[in-house]
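Architecture and fold: a report
Read off the chains here:
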Amino acid sequence: MSTQIHTGLLHREPPIFELSSPGRTGHALPPSEPLDDEGLPAAFLRQGAPLLPELSEVEVVRHFVRLSQWNHCIETGMYPLGSCTMKYNPKINDAMSALAGFTATHPLQEDEHLQGSLELMFQLEGLLCRVSGFHSVTLQPSAGANGEFTGLALIKKAIDVRGEGARRRKVLIPDTAHGTNPASVVLNGFEPVSIVTGPEGVLLPEAVRPHLDDELAAIMVTNPNTLGIFESHLKEIAELVHGAGGYVYMDGANFNAIMGKVRPADLGVDTMHFNLHKTFSTPHGGGGPGAGPVGCTAELAPYLPVPRVLRTNEGSYRLITELPNTIGRVHPYFGNFAILVRAFTYMLENGGAGLSRVTEMAVLNANYVRALLKDTLAVSVDVDTLHEVVFTDRDLKKETHVTTMDVAKRLLDFGFHPPTVYFPLIVPGAFMVEPTETESRVELENFVETVKAIVEEARTDPEKVTSAPHRTGVGRLDETTAARKRILRWTPAKP
Amino acid sequence: MSEYPNNLRYSRTHEWFDPETNRMGISSFAVGHLGDVVEVDLSVDEGDMVDAGDEVGTIESVKTASPIYAPISGKIVAFNEDLADAPELVNDAPYTDGWILEIEPTGSDDMSDLFDATLYSDHCASEE
């Protein structure tokens, strides 16, 4: 059987089940023993063999390598996926996290066997405190959303300790927020209240004032926000919220835009999560693993998750779990440890001045793209942005009927990963570019020239754009039918 | 571009309500912004009482998911069972076969809280 059509070295690859031949295998296994199934109810016993594909080792390896070649990653080319911070991850991060001293340990070993790992955690907490201005940090949360959950749990605990848990349940969230924010709010037993961003794309104190009462638990602000704009009124808003007895949570997903320039604690933020996998360059985008450490003020520190790493007077390190007010664990063991090693490496490699420079270059690159493209694609809000810039297809769609999605698909034909599309929701047809500090001026200009060429093509040959991509392994998918008539499991073709 | 039948009343959040049939759905303006609808997920059951503005479910398209709000206070008396297998009805016929819920008004609402077709058309133009 051969359904494979190869175009040069671009392999057409069917599902692995369709490559199966009966009896083929990659291993020589001993004959199986009769199954001791005593005690298992008959209804749960399998009647036949599971429907697994049968292939040799080389077939399996080729299958997955071929599929991987359809992929685009940061190591293939520019990946300007707004809000996701797809910066290049230096290889030294991987080399350090592969050191045997880290990889050959087990989290249940005694503290004295783990001194190097514990010292790294202690020092990384210290570095994160320095860049954020917070009193303490926990490294445990495994990603941004887990960090959000943790930070809000600290706030919830503080409110409960004050005896106001039943009453203070409102958490204010601007309409530019990440979708995970309201979910984290609800998981902690709070109620999300959406507030509207001002016309300049920033949150104004007036939007917060009507909610300043004894039901207010917290405000949750992403800074810079998802339009890439610095929340310039945050300090004043934080004072208002504190005055009403509430707390300020900052979503630190975009911390890479202010790192080394602004310390959230100085803005009145009580707690914030970092996305180590974004800001501090560890691989992500394939579903993890990430790391979402949470920093907080001295007031909230007693509630941080356990175990905490402590430095003894003798200079050794140990883990403490017996803390009376802790919210408990939010992740098994100590979080995604190898990611912590990568982020620590990145911070030491850059140093303080280097991290500030990273921020400057990320902001400069985004503004360079905005300046070069703003006469080609309309910008959502015509103000200076930080690390990312949001365009809209408003004018393009009116003139040519070509949409953001079409331009995004056509970019694939020129070797670029598309930007984030249709997010944030408050911008119609959003086209959200985050170039990161990694890209050179030449590469940024290549990207800009490509977008300009596609927009011109939308006028001269719109069909070419609306039917893109043309040069990829798989053409444009029928996303509507795929979503309406879902096929969630492969089934054999009827003979 | 979009058209808004004169016999219907419209909410600020782009639902329509038909005072004759008590049915509600979402307007062609909303459909135009959502794109291809792939799922209508209701969070209310027949017999439930809702207030105008209450969230009654979510509508998901290939681009986004948006809440659906009750345009009027009343009792849920029916929902469009056809949407489970054919969510595209919302795209193809938003005012007829693509109806979503039937709500028997409690009468406490003043219908004047809703727009007529002309005012709604202006409202849409201001959001475009």
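Model, not experiment: these values are computed from the prediction.

How each quantity is defined
Residues numbered from 1 in each chain as written. Chains lettered and ligands numbered in written order. Predicted model: local features only at pLDDT ≥ 70, side-chain atom pairs only at ≥ 80, totals over all residues. Heavy atoms only, no water. Contact = heavy atoms within 4.5 Å. Buried area = accessible area lost by both parts, 1.4 Å probe. Salt bridge = Lys/Arg side-chain N within 4 Å of Asp/Glu carboxyl O. Polar contact = N/O pair within 3.5 Å; in protein donor to acceptor, adjacent residues only side chain to side chain. Helix = DSSP H or I, 4+ residues; strand = E, 2+ residues; numbered from the N terminus. Core = buried A, V, L, I, M, F, W, Y, C linked by side-chain atoms within 4.5 Å. Buried < 20%, exposed > 50% of the residue type's maximum accessible area, 1.4 Å probe, protein only. Domains from an automatic or database assignment. Phe/Tyr/Trp six-rings, centres within 6.5 Å; stacked < 30°, edge-to-face > 60°. Lys NZ or Arg CZ within 6 Å of the ring centre and 35° of its normal. Nonpolar A, V, L, I, M, F, W, Y, C, P; charged D, E, K, R; others polar.

Quick look at the interface of chain B and chain A now. Contacts between the two partners involve eleven residues from chain B and, on the opposite side, eight residues from chain A. Together, the buried faces of chain B and chain A total about 820 Å²; carbon and sulfur atoms form 50% of this surface. For chain B, the biggest contributors to the area lost against chain A are Val38, Val62 and Lys63 of chain B; these three give 46% of the whole. Scanning the region where chain B abuts chain A turns up two salt bridges. The salt bridge partner of glutamate 88 of chain B is arginine 484 of chain A, with a shortest N-O separation of 3.8 Å. On inspection of chain B and its partner chain A, the count reaches four residue pairs in polar contact (both at pLDDT 80 or more). Take the side of chain B that touches chain A: its biggest share by element is three residues, from strand S4 (residues 37-42) of chain B.

Here we come to the nonpolar core. Counting residues in each nonpolar core, the largest one holds 56 residues, and the members touching the most others are Leu128, Ile219, Phe274, Leu276, Phe280 and Leu340 of chain A. Secondary-structure elements contributing two or more residues to this core are helix H4 (115-132), helix H7 (205-208), strand S6 (216-222), helix H8 (234-243), strand S7 (247-252), strand S8 (271-274), strand S11 (317-320) and helix H10 (337-373) of chain A. At eleven residues, H10 of chain A tops the list of elements feeding residues into this core. No fewer than three residues from each of domain 1 (92-349) and domain 2 (353-480) of chain A sit in this core. Among all residues touching leucine 128 of chain A, those that are not within four sequence positions of it are Val137, Leu139, Phe274, Leu276, Phe280, Pro293 and Met347 of chain A. Among the nonpolar cores identified, the runner-up in size contains 24 residues, and Ile26, Val90, Ile100 and Leu101 of chain B belong to it.

In this section: the packing of aromatic side chains. Under the defined criterion, the tally for this structure stands at 13 aromatic pairs over all chains. Put simply, the rings of Tyr4, Tyr10, Phe115 and Tyr120 of chain B pair up and form one aromatic cluster. Positioned above the aromatic ring of phenylalanine 414 of chain A, the side-chain terminus of arginine 471 of chain A is 5.1 Å from the ring centre. A cation sits over an aromatic face here: arginine 23 of chain B above tryptophan 99 of chain B, 3.8 Å from the ring centre.

Right, let's talk about the domain arrangement of chain A for a bit. Residues and elements named next belong to chain A. By the assigned domains, chain A splits into domain 1 (92-349) and domain 2 (353-480). Averaged C-alpha coordinates put domain 1 and domain 2 at centres separated by 31 Å. Contacts between the two partners involve 25 residues from domain 1, matched on the other side by 21 residues from domain 2. Across the domain 1 to domain 2 interface the summed buried area is about 1,700 Å²; carbon plus sulfur atoms make up 65%. For the interface between domain 1 and domain 2, the tally reads one salt bridge. The closest approach of N and O atoms between lysine 261 and glutamate 360, which form a salt bridge, is 2.5 Å. Put simply, domain 1 and domain 2 have seven residue pairs in polar contact (both at pLDDT 80 or more) between them. Along the lines of polarity and charge, the residues of the side of domain 1 that touches domain 2 split into 13 nonpolar, nine polar and three charged.

Overall, the coordinates contain 30 salt bridges over all chains when judged by the stated rule. A salt bridge links glutamate 479 of chain A to lysine 409 of chain A, with the shortest nitrogen-to-oxygen separation between them at 3.1 Å. Taken together, the residues span a long stretch of sequence, with glutamate 479 of chain A in helix H15 (residues 479-484) and lysine 409 of chain A in helix H12 (residues 404-412) at a distance of 70 residues. Exposure remark for glutamate 479 of chain A: the relative accessible area of 30% places this residue in the partly exposed category. The shortest N-O distance in the salt bridge between arginine 23 of chain B and glutamate 102 of chain B comes to 4.0 Å. One end of the pair, arginine 23 of chain B, is in strand S3 (residues 23-26); the other, glutamate 102 of chain B, is in strand S9 (residues 101-105), with 79 residues separating them in the sequence. Take glutamate 102 of chain B: its relative accessible area is 22%, and that puts it in the partly exposed class. Three or more residues are tied together by salt bridges with common partners; here these are Arg162, Glu164, Arg167, Arg168 and Asp214 of chain A.

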